Each structure stands twice: as C-alpha cells, then as structure tokens.
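An overview of the molecular structure
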Amino acid sequence: MFKVTPIPIIEDNYAWLVQNQGQNLVFDPGEAAPVIDYLKANDLTLDFMFITHKHWDHVTGIAEVKAAFPDCVVYGTGHHDIPCRDIPLTGGETLEVLGLSWRVWHTPGHTLDHIVFYTETTDAENPSSPNIDNGIKTKPTQGHLFSGDNLFACGCGRMFEGTPEQFEASLASLVALPPSTKIYCTHEYTLANINFSLHIEPNNTYTLHRQDICTELRQQNLPTLPTTVADELKSNPFVRLDQPDVIRAAEHFSGQVLGKKAEVFAIIRKMKDGFQ
Ligand SMILES: [Zn+2]
C-alpha cells in the first residue's frame, strides 16, 4: 500500500517518507533524529534515501540515518557535498525502487545539481475505479512529484546558482505533468508564498481561496502539502508568467517592457527576494 508521510525536521522542512510493498524511502533528511525516531517508533526499517540537492538542510542527517540503517541505499545528485551517496544521478534515469518506477530529471535553477523524482501509482483493485472499458482493464494513475526546493506551493526556491532561463524551463517542465499530480516539496512556506502571490495578483480569487484553506490548516498545525499541478497553475506566479497581472507587476517593478517568460521570471524572483 502506497503511503506518503511528512516528517517535520529543522524549522520548516519535511523529510517525506514513502512506503510501498513493505519497503521505505526517505527524501532529504536534513536532520537525522526526527527521521530515526519516527521510523523506530513505527517499527520501520529504511531501505532507500533520495537526495534532491546539496544544501545543508537536505543532507546534514544522511550520515547519521545511514549509520542507524546501514543497509539503506542512498541515491543523490553527483555533487561532492552529498555524503554517503551510493548511486549518483544526473537526471534522465529511470529507477525501480519500492516496486515503483521513478523518473529522475535535472531541474537546475535553485542549484545547478538539483534533481526531482516522479512516480505514478495505480490502483486497479480499487472498486471505485472505472477500470472496465470494452473489456480492457485500464489503470487509473496518480502522479507523485518530489520537487525538493525547485517548485514550492505558490512559489519556488531562491535562484542561488542557475539562470532565469534554466529555472523557468525547470518549473515549466514540472507543471507540464498531469494536473492531478501531487507535489511534495521540502518547505512549509505556503502561507508566506501566498502573501507574495497576492501582492503580484491581488485579484486572483483562487489564491484568496487557497489562503483561507492553508491558514486553517496551519492553525491546526497541519501541513499545507502536498499541493497539485492544478493548484500551482491557478495560483503560483512563477508558473503564470504569461498572465497579464504577473507581467504587469514585473514591468512596473523593473520599469521595462518584458518580452520573454524568463525575463518576467527573473524580475518576479527578484521581487520575492526583497518581499517582507
Ligand atoms: Zn536548497
């Protein structure tokens, strides 16, 4: 049974735990103790770690978690700052892990080594699934994207190393996934991101609606994640670069006429960096 659980670490990170077919995988353990404690409290072992990029808040716990679960296989980017990595990835790979097929792709922008992981689950046994069509069984699928610090709910990571062209193309490649795709990003930044999104698109009624939902979730100390591709397409200015209000905000800030999406992206990213 496929299950995804956020394990809160550091201040506002989640180390996502994925369980399937009796095996377990953790993403980006930037801190070891909460991950080890959760696994032990639930009588689970750890079989795999997937690491999206080199930053300290994604890699600091790897060695300690590996020491607690020495058989665990660590997949990560090829960057030398990722400790204990068994299998380096550059993007373009397909991995068979937890009985699932995972696509890995390179999404530079936040860092140059950044990769993301995508898998699809099927549930042919689900009695509510419309799985009979002219006698041919179809398998409804659900996509799951683990986006690290690339695509956030209503935002994106800071542009530390990449170019606006790279980052814009990376984000566009992620929101080209099916609209129902669930997106598990690393940070609980959603409410702050929504404030900025409403600064850019004050009349976006979907973002206002989302603000209400996410405010209520945070009041109950619940995660606002996962988000979905559909939610991001409706409310995330970083993937809405062709929308009139987004272009207008960027042109007003920069005092220039902006022709390309990457130019709009660069200005919106700069505005977010200085946004209080
Ligand atoms: Zn990062």
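Residues numbered from 1 in each chain as written. Predicted model: local features only at pLDDT ≥ 70, side-chain atom pairs only at ≥ 80, totals over all residues. Heavy atoms only, no water.

**Overview of the overall build of the protein chain**
On a plain count of helices and strands, the protein chain comes out with nine helices and 16 strands. Seen through its principal axes, the protein chain has C-alpha atoms that stretch 55 × 55 × 40 Å. Evaluated residue by residue, the protein chain yields a buried proportion of 50% over its 276 residues. Residue pairs at least 24 apart in sequence account for 59% of intrachain contacts in the protein chain once pairs closer than 6 positions are excluded. Here the protein chain displays about 12700 Å² of accessible surface, and carbon together with sulfur accounts for 52% of that area. The centroid of the 20 positive side-chain charges in the protein chain is displaced by 4 Å from the centroid of its 34 negative side-chain charges. (Helix = DSSP H or I, 4+ residues; strand = E, 2+ residues; numbered from the N terminus. Buried < 20%, exposed > 50% of the residue type's maximum accessible area, 1.4 Å probe, protein only. Contact = heavy atoms within 4.5 Å. Areas by Shrake-Rupley, 256 points an atom, 1.4 Å probe, with all protein chains shown as cover. Lys, Arg positive; Asp, Glu negative; His and termini not counted. Charge placed at Lys NZ, Arg CZ, Asp CG, Glu CD.)

**Observations concerning the coordination of the zinc ion**
Surrounding the zinc ion are the protein donor atoms H53 (NE2), H55 (ND1), H110 (NE2) and D149 (OD), which sit 2.1 to 2.2 Å from the metal. Around the zinc ion sit four donor atoms, and with donor-metal-donor angles ranging over 90 to 167° the site reads as irregular. Donor residues binding the zinc ion come from one chain and are separated in sequence as H-x1-H-x54-H-x38-D. For the pair shown, H53 and H55 are each scored as buried. (Donors = N, O, S within 2.8 Å, 3.2 Å for Na, K, Ca; no water. Tetrahedral: all angles 85-135°; square planar, octahedral: opposite > 155°, others 65-115°.)

**Concerning the sheet that holds strand 15 (residues 182–185)**
Taking strand neighbours across the sheet as the criterion, the six strands line up as 7-8-9-12-15-16 in an open arrangement whose pairing is mixed. The open sheet is flanked by strand 7 (94–97) and strand 16 (227–228), the only strands paired with a single partner. Pairing of strand 9 (residues 115–122) with strand 12 (residues 141–148), which is carried by six bridges, proceeds in the antiparallel orientation. Residue T119 lies in a different strand from strand 12, and its bridge partner there is H144. (Pairing = 2+ DSSP bridges.)

**Details of the pairing of strand 12**
Counting buried positions over the eight residues of strand 12 gives six, a clear majority of the element. As paired elements, strand 12 and strand 15 share four bridges and run parallel to each other. Looking at the pairing, H144 lines up with K182 of strand 15.

**Quick word on the nonpolar core**
Counting residues in each nonpolar core, the largest one holds 27 residues, and the members touching the most others are L145, L171 and I268. Those elements that provide at least two residues to this core are strand 9, helix 4 (164–174), helix 5 (190–200), helix 8 (244–254) and helix 9 (261–273). With five residues, the single largest contributor to this core is helix 9. Ignoring any residue separated from it by four or fewer positions in sequence, one finds L171 in contact with N150, L151, C156, F238, V239 and F265. (Core = buried A, V, L, I, M, F, W, Y, C linked by side-chain atoms within 4.5 Å.)

**Notes on the packing of aromatic side chains**
In this structure the tally under the stated criterion is 18 aromatic pairs. Relative to F117, the ring of F27 lies with its centre 5.5 Å away and its plane at 75°, an arrangement referred to as edge-to-face. Taken together, the residues span a long stretch of sequence, with F27 in strand 3 (residues 23–27) and F117 in strand 9 at a distance of 90 residues. Overall, F27 belongs to the buried group, its relative accessible area being 3%. Here the aromatic rings of W102 and F146 are separated by 5.8 Å at their centres, their planes lie at 50°, and the arrangement is tilted. Pair noted here: W102 is in strand 8 (residues 100–106) and F146 is in strand 12, with a separation of 44 residues, a long-range link. Residue W102 is classed as buried on the basis of its relative accessible area of 0%. Taken together, Y14, W16, F27, F48, F50, Y75, W102, F117, F146 and Y184 form an aromatic cluster joined through their ring pairs. For the cation-ring pair, K40 lies above F69, with the distance from its terminal atom to the ring centre recorded as 5.8 Å. (Phe/Tyr/Trp six-rings, centres within 6.5 Å; stacked < 30°, edge-to-face > 60°. Lys NZ or Arg CZ within 6 Å of the ring centre and 35° of its normal.)

**Describing helix 5**
Helical periodicity: at 3.6 residues per turn, an α-helix aligns residues three or four positions apart in one direction. Along helix 5, the residues that are buried comprise T190, N193, I194, F196, S197, L198 and I200. Taken together, the buried residues of helix 5 touch strand 13 (151–152), strand 14 (155–156), helix 6 (205–219), helix 7 (229–235), helix 8 and helix 9.

**Observations concerning the pairing of strand 4 (residues 48–51)**
Side chains of strand 4 alternate between two faces, with F48 and F50 and M49 and I51 buried alike. Taken together, the three bridges between strand 3 and strand 4 define a ladder with parallel strand orientation. Residue L25 lies in a different strand from strand 4, and its bridge partner there is F48. Traced from strand 3 through helix 1 (residues 33–41) to strand 4, the parallel crossover comes out right-handed. As paired elements, strand 4 and strand 5 (residues 73–77) share four bridges and run parallel to each other. In the strand pairing of strand 5, F48 is matched with V73. (Right-handed = clockwise from strand over helix to strand, strands pointing away.)

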